[in-house]
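Listed here are the chains, written in short residue letters.
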Amino acid sequence: MIEIQASMSGNVWKVEVKENDVVKEGDVLVILESMKMEIPIEATHDGVVASIKVAEGDFVQEDDVIATINNS
């Protein structure tokens, strides 16, 4: 199980995937908004989205877990 973490603090602007979606490395999972910039959080591995830990409108801190990917 791979944990995908926030690269910086910000608001969850948009969740692009749902649980059980198949993703490839580089696919955008979530878009954060911070200081009027959109920051895409991407899959670091190919796999299946096991869980989404945030919802649109949530505030996250740097290194908070955004999602988990099952890569086996």
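Below or above, wherever it landed, is the structure these notes cover.

Here the focus is the overall build of the protein. Regarding its fold elements, the protein presents 0 helices and 8 strands. Counting from the amino terminus, helix and strand elements in the protein follow one another as β-β-β-β-β-β-β-β. For 72 residues, the compact-globule estimate of 2.2 N^0.38 gives 11 Å, and the protein sits close to it at 11 Å. Looking at the protein as a whole, 35% of its 72 residues are labelled buried. In the protein, of all internal contacts separated by at least 6 residues, the share reaching a separation of at least 24 is 58%.

Glancing now at the sheet that holds strand 7 (residues 59-60). Neighbouring strands of a sheet are bound in pairs by backbone hydrogen bonds; such pairs are parallel or else antiparallel. A sheet is described by the order of its strands in space; here 4 strands give the open sequence 5-4-2-7, paired in antiparallel fashion. Across the chains shown, the open sheet's two edge strands, defined by having one partner strand only, are strand 5 (37-42) and strand 7. Where strand 4 (residues 28-34) meets strand 5, 6 bridges bridge the pair, whose relative direction is antiparallel. What sits directly across from L32, in strand 5, is I39.

Reading across the sheet, the 4 strands line up as 1-8-6-3 and stay open at both edges, with antiparallel pairing between neighbours. Only two strands of the sheet have a single neighbouring strand rather than two, namely strand 1 (2-5) and strand 3 (22-23). Both strand 6 (residues 47-52) and strand 8 (residues 65-70) contribute to a ladder of 4 bridges, which runs antiparallel. Looking at the pairing, V48 lines up with N70 of strand 8.

The sheet contact formed by strand 2 (residues 10-15) and strand 7 spans 2 bridges and is antiparallel. Following the sheet pairing, G10 is matched in strand 7 by V60. One ladder, built from 4 bridges, connects strand 2 with strand 4; its direction is antiparallel. Across the sheet, the residue bridging to V12 is L32, located in strand 4.

Inside soluble globular proteins, nonpolar side chains tend to come together where they are buried. One finds L29, V30, L32 and I66 to be the most contacted residues of the largest nonpolar core, which totals 19 residues. Secondary-structure elements contributing two or more residues to this core are strand 1, strand 4, strand 5, strand 6 and strand 8. Residues within four places of L32 in sequence aside, it is in contact with A6, M8, N11, V12, W13, M37, E38, I39, I41 and V60.

The rules we used
Residues numbered from 1 in each chain as written. Predicted model: local features only at pLDDT ≥ 70, side-chain atom pairs only at ≥ 80, totals over all residues. Heavy atoms only, no water. Helix = DSSP H or I, 4+ residues; strand = E, 2+ residues; numbered from the N terminus. Rg over C-alpha atoms; globule rule 2.2 N^0.38 Å. Buried < 20%, exposed > 50% of the residue type's maximum accessible area, 1.4 Å probe, protein only. Contact = heavy atoms within 4.5 Å. Pairing = 2+ DSSP bridges. Core = buried A, V, L, I, M, F, W, Y, C linked by side-chain atoms within 4.5 Å.

Purely geometric numbers; function is a separate question.
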